[in-house]
Amino acid sequence: MTEAMIRKKPGMVSVKEMPVLQDGPPPGGFPPVRYARRIPNKGPSAVAIFLTAFGAFSWGMYQVGKGNKIRRALKEEKYAARAAILPMLQAEEDERFVKEWKKYLEEEARIMKDVPGWKVGESVYHSGRWVPPATGELRPDVW
Amino acid sequence: MASAVDPVGNPIPTSAVLMASSKRIGARCRSENAAFLNCKKNDPNPEKCLVQGREVTHCVLNLLKGLHQRCSKEMDAYAGCMYYHTNEFDLCRKEQQEFEKACSWSE
């Protein structure tokens with residue numbers, strides 16, 4: 001049905017006298033709306049936050065220090081073990097080296113026996129210290 | 001890697017066996033080691049330090065033989081664990097404890 005038949009006022013002549021259908025506020029108006037800001041000021045203070053952060057940091061660094069001590073102890077154990085067996089290994093290598101060096105000197109003497117003024121096994125350096133031989137490969141049987 | 005000694009009874013100084021008994025070597029052969037290192041410091045020529053080197057070798061091999069005679073099973077277990085974990089002490093704590101307990105320090 002048309003609006004005029006639904007909303008009509010008795011005794012109405014034209015549509016212009018129809019009662020107005022409007023969306024409006026309830027009677028008495030709307031309740032008031034708060035628009036002022038209200039940020040609460042409770043919670044930890046700046047000093048408390050700083051102390052908590054500082055405490056967490058120091059506890060963490062303390063744990064790091066403890067871990068470092070443990071790791072250093074492990075490393076020292078390894079280094080001490082290596083230092084203890086080093087002379088044994090070096091002594092074994094010295095024996096092997098002396099044997100090979102003697103063979104090498106004999107070979108050199110055989111090769112250079114006709115060269116006048118050749119000192120077998122003479123060091124090629126003038127410093128007087130003993131220098132490990134740099135005659136090519138150290139252990140051809142290994143390589 | 002079956003045992004720390006060969007069938008005759010001579011100890012086999014592989015790296016695992018040496019690292020396993022390194023504490024004992026460091027304690028028992030300290031003077032020989034120091035003498036050898038002093039000789040080396042003065043003159044690095046291998047031919048000059050052969051005497052001290054032989055002392056060191058004798059000391060270590062006798063120590064290994066004695067250790068194996070006294071507690072062969074624990075020593076073999078520890079050396080085997082070292083061999084398996086490539087000389088990492090932290091991975092062989094259990095065998096280390098048993099070895100320390102079995103082979104007492106004083107002899």
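Note that the coordinates shown come from a computational prediction; the quantities given were computed from them, not determined experimentally.

Thresholds, definitions, all that
Residues numbered from 1 in each chain as written. Chains lettered and ligands numbered in written order. Predicted model: local features only at pLDDT ≥ 70, side-chain atom pairs only at ≥ 80, totals over all residues. Heavy atoms only, no water. Core = buried A, V, L, I, M, F, W, Y, C linked by side-chain atoms within 4.5 Å. Buried < 20%, exposed > 50% of the residue type's maximum accessible area, 1.4 Å probe, protein only. Helix = DSSP H or I, 4+ residues; strand = E, 2+ residues; numbered from the N terminus. Contact = heavy atoms within 4.5 Å. Buried area = accessible area lost by both parts, 1.4 Å probe. Salt bridge = Lys/Arg side-chain N within 4 Å of Asp/Glu carboxyl O. Polar contact = N/O pair within 3.5 Å; in protein donor to acceptor, adjacent residues only side chain to side chain. Nonpolar A, V, L, I, M, F, W, Y, C, P; charged D, E, K, R; others polar. UniProt positions renumbered as here; feature names shortened; annotations may be inferred. Expected span 1.5 Å × (residues − 1). Axes fitted to C-alpha atoms, helices over the stretch in contact; angles between N-to-C directions.

### So, the nonpolar core
Turning to step 1, where the next piece is worked out: The biggest cluster of nonpolar side chains holds 31 residues, and the ones touching the most others in it are Leu18, Ile25, Val60, Met75, Tyr78 and Phe99 of chain B.
Turning to step 2, where the next piece is worked out: If you list the elements that add at least two residues to this core, you get helix H2 (46-111) of chain A together with helix H1 (15-20), helix H3 (30-42), helix H4 (50-70) and helix H5 (72-84) of chain B.
Turning to step 3, where the next piece is worked out: Beyond its immediate chain neighbours, meaning those up to four positions away, Leu18 of chain B contacts Ile85, Met88 and Leu89 of chain A together with Pro13, Ile25, Val60 and Leu64 of chain B.

### What to know about the interface of chain A and chain B
Interface size is often expressed as the accessible area that is lost when the parts come together.
Turning to step 1, where the next piece is worked out: Facing 20 residues of chain A, the contacting portion of chain B comprises 27 residues.
Turning to step 2, where the next piece is worked out: Interface of chain A and chain B: buried area, both sides summed, is about 2000 Å²; carbon and sulfur atoms make up 72% of it.
Turning to step 3, where the next piece is worked out: Contact with chain B buries area across many residues of chain A, yet Glu77, Met88 and Trp130 of chain A alone supply 28% of it, more than any other trio.
Turning to step 4, where the next piece is worked out: Two residues, Lys23 of chain B and Glu77 of chain A, come together in a salt bridge whose shortest N-O distance is 3.9 Å.
Turning to step 5, where the next piece is worked out: Between the two partners, chain A and chain B, sit five residue pairs in polar contact (both at pLDDT 80 or more).
Turning to step 6, where the next piece is worked out: Here the residues of the side of chain A that touches chain B sort into 13 nonpolar, one polar and six charged.

### Some words on the UniProt feature "transmembrane region" (unreviewed entry) in chain A
Turning to step 1, where the next piece is worked out: As recorded in UniProt, the feature "transmembrane region" (unreviewed entry) lies at residues 44-62 of chain A.
Turning to step 2, where the next piece is worked out: Helix makes up 89% of residues 44-62 of chain A and strand 0%, and the two end C-alpha atoms of the span are 25 Å apart.

### Section: H4 of chain B
Turning to step 1, where the next piece is worked out: In this model H4 of chain B runs 30 Å from its N-terminal to its C-terminal C-alpha over 21 residues, within 8% of the 30 Å that 1.5 Å per residue would give.
Turning to step 2, where the next piece is worked out: Within the sequence span of H4 of chain B, burial applies to Leu50, Gly53, Val56, Thr57, Cys59, Val60, Leu63, Leu64, Leu67 and His68 of chain B.
Turning to step 3, where the next piece is worked out: Check the buried side of H4 of chain B and you find it contacts H2 of chain A together with H1, helix H2 (22-28), H3, H5 and helix H6 (93-102) of chain B.

### Concerning the packing of H4 of chain B against H5 of chain B
Residues and elements named next belong to chain B.
Turning to step 1, where the next piece is worked out: Where H4 contacts H5, the two axes come as close as 5 Å, and the packing angle between them is 115 degrees. Across the interface between the two elements, Leu64, Leu67, His68 and Arg70 of H4 pack against Ser72, Met75 and Asp76 of H5.
Turning to step 2, where the next piece is worked out: Here the contact of H4 with H5 is composed, by residue class, of three nonpolar, two polar and two charged.

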